[in-house]
Amino acid sequence: MSSLLIQSSTHDYEVAIGSGIRGRVEEILDKDYQKVLIITDSQVADLYLQQVIEGFSPKGQVGTAVVPAGEASKSMEQYQYLLDVCVEERLDRKSLIIALGGGMIGDLAGFAASTYLRGIDFVQMPTTILAHDSSVGGKVAINHPQGKNLIGSFYNPVHVIYDMETLSSLSPAEVRSGYGEVVKHGLLSDPKWLDELLQQDLTQLSKDQIAKDLAKGIRVKANLVEQDEREAGVRKYLNLGHTLAHSIEAELGYGDITHGEAVAIGIWFALKLSKKKFQTDLPVKDYVNWIIRNHFPVDKLNKLDCNSLINRMKRDKKTVHEVINYVLLTDTGFPCIEPLQDEELLQELNDFLKEVRRHD
Ligand SMILES: NC(=O)c1ccc[n+]([C@@H]2O[C@H](COP(=O)([O-])OP(=O)(O)OC[C@H]3O[C@@H](n4cnc5c(N)ncnc54)[C@H](O)[C@@H]3O)[C@@H](O)[C@H]2O)c1
Ligand SMILES: [Zn+2]
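One structure accompanies this document, and this report is about it. (Residues numbered from 1 in each chain as written. Chains lettered and ligands numbered in written order. Predicted model: local features only at pLDDT ≥ 70, side-chain atom pairs only at ≥ 80, totals over all residues. Heavy atoms only, no water.)

1. Brief notes about helix H7 (residues 191-198)
For clarity, the threshold we go by: Categorising residues by exposure relies on relative accessible area from a 1.4 Å probe, with only protein chains included: less than 20% of the type maximum marks a residue as buried, more than 50% marks it as exposed, and the intermediate range marks it as partly exposed. Every helix listed is a DSSP run of H or I at least four residues long, and every strand listed is a run of E at least two residues long, numbered separately from the N terminus. Directions are taken from the helix axis to each C-beta atom, and the arc is the one they span. Here a residue-residue contact requires only that any non-hydrogen atoms of the pair lie within 4.5 Å. Counting of polar contacts relies on pairs of N or O atoms within 3.5 Å, with two restrictions inside protein: one atom must be capable of donating a hydrogen and the other of accepting it, and residues adjacent in sequence are counted only when both atoms are side-chain atoms.
Residues of H7 that are buried: Trp193, Leu194, Leu197 and Leu198. Angularly, the buried residues of H7 cover 135 degrees about the axis, an arc narrow enough to put them on a single face. Packing partners of the buried residues in H7 comprise helix H6 (172-187), helix H8 (207-227) and helix H11 (284-293). Between the side-chain oxygen at the start of H7 and the backbone nitrogen of Lys192 there is a gap of 3.0 Å, and the oxygen is on Asp190.

Now the structure itself:
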């Protein structure tokens, strides 16, 4: 088992990465809890819930709450349901919530933990590759019908327990999705690691390789959030690829493309813009080959219209006074933020969509 330490403004917490550790939660945690509520989704419950429960000795009380799998559960209704369970189970300030699942569960259960009794301890147990990103950094949220993550807080877990074995049941699309964020972390940090990542065939990754990549990705994210927990400065770099990704996800309808797949396509656009603006040696060609070789669903962009995408970007909560701020790279490991004017964006996005269609 390997371990990383993350600092936050309220406490430091450990990320434990290992194989088969989902049944050892009680042993890994530093504290004893009399009551534990494991929150998970229907798909993960069928696969892993029982083994997590069995890791607790009979002295404590372990309850469970299962919500339907899928982004639609990051809702007011499921949040209310979870609070009802917390009250029924009489969780108190000394109780623990465990978020067992992907980023959807981490965000939803973390938000419930952050608000129930003004905040009780919670543990992130990520079961997707993408959740290496969402389980650290302390952002928790639910969606509003008008937009993603509009209701939330900054609230850090007391521990992250990442069992690599659970990743073996992910679908190819979920593996791609997770690696969209891993490659983002590569671009934000280390040319050598990025080179290795861009050579990968995502259907052939070993458990050890994934564990190494996730630990590196978590470290990159941690370095940025440790400097800027509330996203006033450098944390914004983590939005590389996300401005376009969010508008692609919203235009296609959530669920038609995974978050990380959309991010990977958004990064392609950011790399092209970066190359044009800064004449850098960013490995754009290798990046495009990686996207195509690993079957990122670029064909889905055929349905999309440039103006609608730009309008969505303007409604993004990160857009300030209608000017769209883009995360670009002057080189691998050197992000910056550039405001983009409407005409330029329209022109560049049009060219980009044409290029993507050529690869379809
Ligand atoms: N808080 C943050 O900083 C942050 C960062 C990035 C993303 N997010 C959020 O994360 C969410 C996306 O996370 P996600 O991609 O993990 O989605 P997800 O949690 O919806 O999981 C994707 C699918 O995989 C299934 N699944 C999960 N683990 C599995 C396993 N081990 N085997 C088989 N199937 C499994 C789930 O049931 C679901 O159907 C979004 O809501 C996004 O907003 C948050
Ligand atoms: Zn993301």
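2. A look at the pattern of salt bridges
Test applied: We define a salt bridge as a contact between a side-chain nitrogen of Lys or Arg and a carboxyl oxygen of Asp or Glu at a distance within 4 Å.
Counting across every chain of the model gives 20 salt bridges. A salt bridge links Asp163 to Arg22; the shortest N-O distance between them is 2.7 Å. With Asp163 in strand S9 (residues 159-163) and Arg22 in the loop between strand S2 (12-18) and helix H1 (25-28), the pair connects residues that are 141 residues apart, well separated along the chain. Taking relative accessible area as the criterion, Asp163 reaches 1% and is therefore assigned buried. Taking relative accessible area as the criterion, Arg22 reaches 12% and is therefore assigned buried. Close ionic contact of Glu348 with Lys276 constitutes a salt bridge, the shortest N to O distance being 2.7 Å. Here Glu348, found in helix H13 (residues 342-359), pairs with Lys276, found in helix H10 (residues 259-278); they are 72 residues apart in sequence, far enough to count as distant. On the basis of relative accessible area, Glu348 is assigned to the buried category, the value being 11%. Through salt bridges with shared partners, a single ionic network connects Glu71, Lys74, Asp107 and Lys148.

3. Considering the site of ligand 1
Selection criterion: We define proximity as follows: a residue is near a molecule or strand when any one of its heavy atoms falls within 4 Å of that partner. Surface exposure here means Shrake-Rupley accessible area, sampled with a 1.4 Å probe, where a residue is shielded only by the protein chains that are shown. Residues are grouped as follows: Ala, Val, Leu, Ile, Met, Phe, Trp, Tyr, Cys and Pro are nonpolar; Asp, Glu, Lys and Arg are charged; all remaining types, including Gly, are polar.
Around ligand 1 there are 25 residues in total, and Asp41, Glu71, Thr127, Thr128 and Ser169 lie nearest to it. Lys148 places a side-chain nitrogen or oxygen 3.0 Å from an oxygen atom of ligand 1. In this structure, Ser169 approaches ligand 1 through a side-chain N or O atom, which is 2.7 Å from a nitrogen atom. Relative to its unbound accessible surface of 860 Å², ligand 1 loses 90% to contact with the protein. Elements represented by at least two residues in the shell around ligand 1 include exactly helix H2 (42-54), helix H4 (103-115), helix H5 (131-134) and strand S8 (147-154). Looking at which element gives the most residues to the shell around ligand 1, the answer is H2, with four residues. A class-by-class count of the residues in the shell around ligand 1 yields seven nonpolar, nine polar and nine charged.

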